[in-house]
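In case you want the letters, here they are:
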Amino acid sequence: MKKKILIIDDKPAIGQLITLYLNADYEFHYFASAMAAYNWLKDGHLVDLILSDYTMPEMNGYDLLVMIKQNEFLKNIPVIILSGEDNTNTRISLLEAGADDFILKPFNPLELKLRIKKALK
């Protein structure tokens, strides 16, 4: 059975790209809105890993991460943050808040695959 990954990014092309490269190994669910994704998770849909963009309208990846880590039922789901923002302070704050990894966009699909595999161990 394939592991389930939730992709959250306001740019559908990112979700399509990840799905294209990794669909042989994983099952994907995609949301363009962090709040919609969080509500879906709260409704009882569980995944094995979350890939979330950092910079999004309404709610950014940091705020989503904090909400996930404060939720008793969701806090153990690994979260990898994807971002085009290469800022050390941002990376540190995300890792301190509980992110399992941080990947800079544009990313190498092979690197993403390896980091996902590592996070799912």
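Look a little higher up for the structure.
What comes next concerns the included structure. (Residues numbered from 1 in each chain as written. Predicted model: local features only at pLDDT ≥ 70, side-chain atom pairs only at ≥ 80, totals over all residues. Heavy atoms only, no water.)

### Here's the deal with the environment of Phe 31
Part 1 of the argument: Tracing the backbone through its elements, the reader meets Phe 31 in strand 2 (residues 26–31).
Part 2 of the argument: Phe 31 sits 13 residues away from Ile 18 along the chain, and the two C-alpha atoms are 13 Å apart.
Part 3 of the argument: When residues no more than four places from it in sequence are discounted, the contact partners of Phe 31 are Leu 6, Ile 7, Ile 8, Asp 9, Ala 36, Ala 37 and Trp 40. (Helix = DSSP H or I, 4+ residues; strand = E, 2+ residues; numbered from the N terminus. Contact = heavy atoms within 4.5 Å.)

### As for the packing of helix 1 (residues 12–22) against helix 5 (residues 109–119)
Part 1 of the argument: Two elements in contact, helix 1 and helix 5, have axes separated by 10 Å at closest approach and are oriented at 75 degrees. In terms of their interaxial angle, helix 1 and helix 5 are classed as roughly perpendicular. Across the interface between the two elements, Ile 18, Tyr 21 and Leu 22 of helix 1 pack against Pro 109, Leu 112, Lys 113 and Ile 116 of helix 5.
Part 2 of the argument: Its residues assigned to classes, the contact of helix 1 with helix 5 comprises six nonpolar, no polar and one charged. (Axes fitted to C-alpha atoms, helices over the stretch in contact; angles between N-to-C directions. Parallel < 35°, antiparallel > 145°, perpendicular 65-115°, else oblique. Nonpolar A, V, L, I, M, F, W, Y, C, P; charged D, E, K, R; others polar.)

### A word on the packing of helix 2 (residues 34–42) against helix 3 (residues 61–70)
Part 1 of the argument: At a minimum axis separation of 10 Å, helix 2 and helix 3 run at an interaxial angle of 15 degrees. With respect to their mutual orientation, helix 2 and helix 3 come out roughly parallel. By crossing handedness, the relation of helix 2 to helix 3 is classed as right-handed. Contacts between helix 2 and helix 3 involve Ala 34, Met 35, Tyr 38 and Leu 41 on the former and, on the latter, Leu 64, Met 67 and Ile 68.
Part 2 of the argument: The residue makeup of the contact of helix 2 with helix 3, split by class, is seven nonpolar, no polar and no charged. (Left-handed = near helix turned anticlockwise from the far one by under 90°.)

### Quick word on a nonpolar patch on the surface
Part 1 of the argument: Residues Leu 17, Leu 20 and Tyr 21 make up a contiguous nonpolar surface patch of about 310 Å² in total accessible area.
Part 2 of the argument: By relative accessible area, which is 33% here, Leu 17 ends up partly exposed. (Patch = residues over 30% accessible without salt bridge, like charges linked within 9 Å, V, L, I, M, F, W, Y side chains within 5 Å. Areas by Shrake-Rupley, 256 points an atom, 1.4 Å probe, with all protein chains shown as cover. Salt bridge = Lys/Arg side-chain N within 4 Å of Asp/Glu carboxyl O. Buried < 20%, exposed > 50% of the residue type's maximum accessible area, 1.4 Å probe, protein only.)

### Quick look at the packing of aromatic side chains
Working definition: an aromatic ring pair is given by the centre-to-centre distance plus the angle between the planes.
Part 1 of the argument: As enumerated under the stated definition, the model contains two aromatic pairs in all.
Part 2 of the argument: Ring centres of Tyr 26 and Phe 28 lie 6.4 Å apart, and the angle between their planes is 70 degrees; on these two criteria the pair is classed as edge-to-face. Each member of the pair, Tyr 26 as well as Phe 28, is classed as buried.
Part 3 of the argument: Ring geometry for Phe 31 versus Trp 40: centroids 5.4 Å apart, planes at 50 degrees, classification tilted. There is no split in this pair, since Phe 31 and Trp 40 are both buried. (Phe/Tyr/Trp six-rings, centres within 6.5 Å; stacked < 30°, edge-to-face > 60°.)

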